[in-house]
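Residues per chain are reported as follows:
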Protein chains: 4
Amino acid sequence: MTTSRATSTRYQQQHQRAIAAAASVFAKKGFHGATTQDIANEMGIQQGSLYYYFDSKEAALEEVCLFALRDYLSRMEVLATQPGSITNKLGKAIQSHLASYRTHHEAMKVHNEQRLYLADTRREQLKTLGSRYRELLEQLFSAGVKDGSLNPQLDCRFSARSLIGLCNYWGVMLLRDTRLDIEDIGARCLELTLQGSLPPG
Amino acid sequence: MTTSRATSTRYQQQHQRAIAAAASVFAKKGFHGATTQDIANEMGIQQGSLYYYFDSKEAALEEVCLFALRDYLSRMEVLATQPGSITNKLGKAIQSHLASYRTHHEAMKVHNEQRLYLADTRREQLKTLGSRYRELLEQLFSAGVKDGSLNPQLDCRFSARSLIGLCNYWGVMLLRDTRLDIEDIGARCLELTLQGSLPPG
Amino acid sequence: MTTSRATSTRYQQQHQRAIAAAASVFAKKGFHGATTQDIANEMGIQQGSLYYYFDSKEAALEEVCLFALRDYLSRMEVLATQPGSITNKLGKAIQSHLASYRTHHEAMKVHNEQRLYLADTRREQLKTLGSRYRELLEQLFSAGVKDGSLNPQLDCRFSARSLIGLCNYWGVMLLRDTRLDIEDIGARCLELTLQGSLPPG
Amino acid sequence: MTTSRATSTRYQQQHQRAIAAAASVFAKKGFHGATTQDIANEMGIQQGSLYYYFDSKEAALEEVCLFALRDYLSRMEVLATQPGSITNKLGKAIQSHLASYRTHHEAMKVHNEQRLYLADTRREQLKTLGSRYRELLEQLFSAGVKDGSLNPQLDCRFSARSLIGLCNYWGVMLLRDTRLDIEDIGARCLELTLQGSLPPG
DNA sequence: CATGAATGAGGATTCATTCAT
DNA sequence: AATGAATGAATCCTCATTCAT
């Protein structure tokens, strides 16, 4: 059992490394522009060995996208059920969204920009997870409208999507320019989302 | 000369069609995922004939991106020099930005998502145009701050970029879902940008 | 039109050469043992150029098999409708069968030995043609039984199939050993089929 | 020694299973179309473990062919030395030949169709065994001619080879269609070989 | 005995590009 | 202005084989 467990661990470790390598390469070159050789190089193994961990290049893309979405969504699920003011929760959601661009390597970027190259059958799960995320964010806005902390005129669906668009834009910027500060960007995104650009009062 | 002019006109027409075809194909499949055969099919000519209009596939991408940016920027230049309130101008800028997603076929999308696959030398002009656009938008915000119509605390650079991110997000949505109404989306984007989500007053 | 016709002829010529090259290589090395490089070499073109004439290696196999069966069957159709004694027709059928091994390069051998590697969808037409051939041969035997020139006890289906097996065996031998004489082998096959091995009387 | 013997027995059992598995897979997919993974799957072991029983894939093919030929030939040797009429012996030879297609799994088919993919050095022994088989069969015909039970005009070499071709054809049919009855097919083959198709007398 | 992991060479296929016509 | 034919390099993927454990 020790052997089996150790083996299994070894495989899982390498599998994780493969996902990370694929994420990095896909983020830089795009799915079609990346080669399996690139990914293997990034991992330090032979090209053929990659197929020990992925069934195909497309399967690799799917795994990268799922990897990105899963933890991103799970943090949102946790956040949604915890107590706190809506504006506070929104701030945390933004921070979490931006943070996943840095902590998950480039998987989030890959998900946003490359997922459409997946065959429909491979995208189903992704769609489910993505919808769920949008839903949770929309519910946050709805709750804010209901408890009076947000504008009653708000189109919550539009707001949620706009916030996702905004975070994705800055998330990519965070990847491109490492000097940018996540907390700073997050704070500004929250401010923009809440107060807009008009003078106060 | 008449012949040459006629020829040239015919050539220019076909050239424009080639750019449009390339834009459409690149938007759907990405630069690396698209083949010159795809573009030729879209135009209804033979693969080899494409090289009469483009020096290379990469040159095609460059032309598509330039095509997108040029007119997009020129409308912004005009807008910037015209009289009117800042908020009014912002609204027009947003409308113009979103509109280019529909009127320029998919060239804008291609510019946003695929331009990084161009070699650096090919991207210089694009960078110049893009910077100029961001600058103009930023100046709009600055002017608003100066004349008191926008919040004096505003980070204009951040705001301009956020607005670009927001418009690009919705621009892609406009392409993906043709039922969405440009004017409606534009109005909402302006509202969000100006007032945020908090209750008025 | 002249150009178009000439071009079309050029293509058809090369296409035929490609089929012959594929037949030769598949006969020698088997479908899976042969490489597209082998076929290209046999034709004297580049490996990639082969795909101008075949959609895939499997399509090449299909074309080879069809090429073999079509003419083989058509000669049988002609033969069946012509006048003459049954034994005379049987002799001609045998000669025709054996001859196709030499005149059609190795396509017949490929059909017999490699056709099962084709996907089912690709084999349908082949099955139809093959069945038709067996049918025609069987009808020859039936006619012989009916007109009294063959043994009334004969199982025509078994006889027709056995004759095919016999001819295929010797057809392959003809390919392997070019010193063998087609007419001689054909005559002996006919004799065996008609008289067996027992002493006359 | 006991251990070693036990080990050896276990090894021999597995070795036999490996040959049977290889025969089955080679028969279905051909030598080049089959993978070592296929064979391992058929045996229920890991791909790498196969190399405990075979030095290489080609060695596996050799063993399968030898396995098929050895017993097939030995039965023929026995048959040749036993008393009985020629026609009776021929009948038994045919039955034995056909039977080996069913009892030796698919090894006979593999021998007939795939042995040419073996390197020459590996085929020597097979050639010897095959020649010996043909020789024995030819001698059977010769003896028949000599003792007057067969047609004195008979080309015994041709007859022996034709019978082999006939039996191999029906042997493969027996594999493909398990509803066919060996004894029935054997009887018909004998009848055809002896009497041909002409009416008696 | 057996396996999991890795290799690396080979193979089918694609595709941007060229060019004679 | 356009095309058909060809190229050849690149790329994804497979697979026989090895080997430490």
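For the structure itself, look to the data block above.
Residues numbered from 1 in each chain as written. Chains lettered and ligands numbered in written order. Predicted model: local features only at pLDDT ≥ 70, side-chain atom pairs only at ≥ 80, totals over all residues. Heavy atoms only, no water.

## Concerning the protein's contact with DNA strand F
Move 1: Taken together, 36 residues sit near DNA strand F, with B:Y52, B:Y53, C:R10, C:Y52 and C:Y53 positioned nearest.
Move 2: The side chain of B:R10 places a nitrogen or oxygen atom 2.6 Å from a phosphate oxygen of DNA strand F.
Move 3: Taking B:Y52, its side chain carries an N or O atom lying 2.3 Å from a phosphate oxygen of DNA strand F.
Move 4: Along the lines of polarity and charge, the residues of the surface near DNA strand F split into twelve nonpolar, 20 polar and four charged. (Near = heavy atom within 4 Å. Polar contact = N/O pair within 3.5 Å; in protein donor to acceptor, adjacent residues only side chain to side chain. Nonpolar A, V, L, I, M, F, W, Y, C, P; charged D, E, K, R; others polar.)

## Side note on the packing of helix 4 (residues 86-103) of chain D against helix 7 (residues 156-176) of chain D
All names here are of chain D.
Move 1: Contact geometry of helix 4 with helix 7 gives a least axis separation of 9 Å together with a crossing angle of 40 degrees. By crossing handedness, the relation of helix 4 to helix 7 is classed as right-handed. Contact residues: helix 4 offers L90, I94, H97, L98, Y101 and R102, while helix 7 offers L163, I164, C167, N168, W170, G171, V172, L174 and L175.
Move 2: Residues that form the contact of helix 4 with helix 7 fall into these classes: eleven nonpolar, three polar and one charged. (Axes fitted to C-alpha atoms, helices over the stretch in contact; angles between N-to-C directions. Helix = DSSP H or I, 4+ residues; strand = E, 2+ residues; numbered from the N terminus. Left-handed = near helix turned anticlockwise from the far one by under 90°. Contact = heavy atoms within 4.5 Å.)

## Regarding the interface of chain C and chain D
Move 1: In this assembly, 38 residues from chain C lie in contact with 38 residues from chain D.
Move 2: Around 3,300 Å² of area is buried between chain C and chain D when both sides are counted, 61% of it from carbon and sulfur atoms.
Move 3: In this assembly, chain C and chain D are joined by two salt bridges.
Move 4: Measuring nitrogen to oxygen at the nearest pair gives 2.6 Å for the salt bridge that ties C:D155 to D:R188.
Move 5: Applying the counting rule to chain C against chain D returns six residue pairs in polar contact (both at pLDDT 80 or more).
Move 6: Every element with two or more residues in the side of chain C that touches chain D is listed here: helix 1 (2-29), helix 7 (156-176) and helix 8 (182-195) of chain C.
Move 7: With ten residues, the single largest contributor to the side of chain C that touches chain D is helix 7 of chain C.
Move 8: Class assignment of the residues belonging to the side of chain C that touches chain D gives a composition of 18 nonpolar, 13 polar and seven charged. (Buried area = accessible area lost by both parts, 1.4 Å probe. Salt bridge = Lys/Arg side-chain N within 4 Å of Asp/Glu carboxyl O.)

## Quick look at the relation of the copies chain B and chain A
Move 1: Overlaying chain B with chain A gives an RMSD of 0.1 Å, the required rotation being 180 degrees about an axis along which the chain moves by 0.1 Å. Such values leave the two copies arranged in the relation of a two-fold axis. Residues of chain B ranked by C-alpha distance from the rotation axis are headed by B:G196, positioned 1.8 Å from it.
Move 2: In this assembly, 97% of the residues forming the interface of chain B have copies in chain A that are likewise at the interface, indicating an isologous arrangement. (Least-squares fit on C-alpha atoms with pLDDT ≥ 70 in both.)

## Regarding the interface of chain B and chain A
Move 1: Counting from both sides, the interface comprises 38 residues of chain B and, opposite them, 37 residues of chain A.
Move 2: Of the roughly 3,300 Å² buried where chain B meets chain A, counting both sides, 60% is carbon and sulfur surface.
Move 3: The tally of links between chain B and chain A comes to two salt bridges.
Move 4: If you look at where chain B meets chain A, you find six residue pairs in polar contact (both at pLDDT 80 or more).
Move 5: The set of elements that each furnish at least two residues to the side of chain B that touches chain A consists of helix 1 (2-29), helix 7 (156-176) and helix 8 (182-195) of chain B.
Move 6: For the side of chain B that touches chain A, the element with the most residues is helix 7 of chain B, which contributes ten residues.
Move 7: Considering only residue class, the side of chain B that touches chain A consists of 18 nonpolar, 13 polar and seven charged.

## Describing helix 8 (residues 182-195) of chain A
Move 1: The first and last C-alpha atoms of helix 8 of chain A sit 20 Å apart over 14 residues, in line with the 20 Å expected at 1.5 Å per residue.
Move 2: Within helix 8 of chain A, the full set of buried residues consists of A:I182, A:I185, A:G186, A:C189, A:L190, A:L192, A:T193 and A:L194.
Move 3: Against helix 4 (86-103), helix 6 (120-146) and helix 7 (156-176) of chain A together with helix 7 and helix 8 of chain B lie the buried residues of helix 8 of chain A.
Move 4: Note on helix 8 of chain A: the residue one or two positions beyond its end, A:G196, has a positive phi of about 70 degrees. (Expected span 1.5 Å × (residues − 1). Buried < 20%, exposed > 50% of the residue type's maximum accessible area, 1.4 Å probe, protein only.)

## Regarding the relation of the copies chain C and chain D
Move 1: Of the transformation superimposing chain C on chain D, the axial component is 0.1 Å and the angular component is 180 degrees, with the fit at an RMSD of 0.1 Å.
Move 2: When the interface residues of chain C are mapped onto chain D, 100% of them again fall at the interface, so both copies present the same face.

## Re the nonpolar core
Move 1: Counting residues in hydrophobic clusters, the biggest one holds 132 residues, and the most contacted among them are A:F26, A:L137, B:F26 and B:L137.
Move 2: In this structure A:F26 touches A:F31, A:A34, A:I39, A:K57, A:A60, A:L61, A:V64, A:V110 and A:Q114, once residues within four positions along its chain are discounted.
Move 3: C:A18, C:M76, C:L137 and D:Y72 belong to the second largest nonpolar core, which has 130 residues in total. (Core = buried A, V, L, I, M, F, W, Y, C linked by side-chain atoms within 4.5 Å.)

## Things to note about the pattern of salt bridges
Move 1: Overall, the coordinates contain 43 salt bridges over all chains when judged by the stated rule.
Move 2: Between B:K29 and B:D38 there is a salt bridge whose closest N-O contact spans 3.4 Å.
Move 3: Overall, B:D38 belongs to the buried group, its relative accessible area being 19%.
Move 4: The structure contains a network of salt bridges with shared partners spanning A:E58, A:E62 and A:R122.

## Points about helix 4 of chain A
All names here are of chain A.
Move 1: If you check helix 4, its first and last C-alpha atoms are 25 Å apart, about what 18 residues at 1.5 Å a residue would give, namely 26 Å.
Move 2: Three or more residues of helix 4 are buried, namely I86, K89, L90, G91, A93, I94, S96, H97, L98, A99, S100 and Y101.
Move 3: Where helix 4 is buried, its residues meet helix 3 (57-81), helix 5 (107-114), helix 6, helix 7 and helix 8.

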